[in-house]
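Notes for the structure review
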Amino acid sequence: MSDLNVNQLLAQMRAMAAQAEGLPRPASAAEKPEVEFGQLLKSSIDAVNGAQQDAARLAEAFELGDQQVDLAEVMVALQKANVSFQAMTQVRNKLVSAYQDIMNMPI
């Protein structure tokens, strides 16, 4: 679950949104090396997958009676995985919508 750095992802998304609107990039984002969009998307999908696998592993351990896994930890992991999956789904929907808008533009 430590692979998922939500704050870093959010900062990158804000910087990309500002760049798309034609606004100057924030100073913190301008100092960092450029990351390709494909790499960012792949790492985000991998992070969501990792969160889901960790949550499933914790849930299975709790169901099998592992004394070191408590219910609160399982529920938090499941909710984190759910929220990250929903966010990734919204990003996918926006990408599909943008693709459709571009395809429908007159030449």
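The paragraphs below set out a description of the structure included in this document.

Each value, and the rule that gives it
- Residues numbered from 1 in each chain as written.
- Predicted model: local features only at pLDDT ≥ 70, side-chain atom pairs only at ≥ 80, totals over all residues.
- Heavy atoms only, no water.
- Salt bridge = Lys/Arg side-chain N within 4 Å of Asp/Glu carboxyl O.
- Helix = DSSP H or I, 4+ residues; strand = E, 2+ residues; numbered from the N terminus.
- Buried < 20%, exposed > 50% of the residue type's maximum accessible area, 1.4 Å probe, protein only.
- Expected span 1.5 Å × (residues − 1).
- Contact = heavy atoms within 4.5 Å.
- Axes fitted to C-alpha atoms, helices over the stretch in contact; angles between N-to-C directions.
- Parallel < 35°, antiparallel > 145°, perpendicular 65-115°, else oblique.
- Left-handed = near helix turned anticlockwise from the far one by under 90°.
- Nonpolar A, V, L, I, M, F, W, Y, C, P; charged D, E, K, R; others polar.
- Patch = residues over 30% accessible without salt bridge, like charges linked within 9 Å, V, L, I, M, F, W, Y side chains within 5 Å.
- Areas by Shrake-Rupley, 256 points an atom, 1.4 Å probe, with all protein chains shown as cover.

**Some points on the pattern of salt bridges**
- All chains considered together, the criterion is met by two salt bridges.
- Close ionic contact of Asp 46 with Lys 42 constitutes a salt bridge, the shortest N to O distance being 3.0 Å. Of this pair, Asp 46 and Lys 42 are both found in helix H3 (residues 37-63), four residues apart, which corresponds to roughly one turn of the helix.
- The class for Lys 42 is exposed, based on a relative accessible area of 52%.

**Some words on helix H4 (residues 71-103)**
- Over its 33 residues, H4 extends 48 Å from the first C-alpha to the last, a length consistent with the 48 Å expected when each residue adds 1.5 Å.
- The complete set of buried residues in H4 reads Val 74, Ala 77, Ala 81, Ser 84 and Met 88.
- Elements that come into contact with the buried residues of H4 comprise H3.

**Looking at the packing of H3 against H4**
- Closest axis-to-axis distance for the H3/H4 pair is 9 Å, and the angle between their directions is 150°. By the criterion of interaxial angle, the relationship of H3 to H4 is roughly antiparallel. You can see that H3 and H4 cross each other, and the crossing is left-handed. Between H3, through Phe 37, Leu 41, Ser 44, Ile 45, Val 48, Ala 51, Gln 52, Ala 55, Leu 58, Ala 59 and Phe 62, and H4, the contact on the second element is made entirely by Leu 71, Glu 73, Val 74, Ala 77, Leu 78, Ala 81, Ser 84, Phe 85, Met 88, Val 91 and Leu 95.
- Here the residues of the contact of H3 with H4 are counted per class, giving 18 nonpolar, three polar and one charged.

**Structural notes on a nonpolar patch on the surface**
- On the surface, Phe 62, Leu 71, Met 75 and Leu 78 cluster together to form a nonpolar patch covering roughly 340 Å² of accessible area.
- In terms of residue count, the dominant contributor to the nonpolar patch is H4 (three residues).
- Position of Leu 78 among the secondary structure elements: in helix H4.

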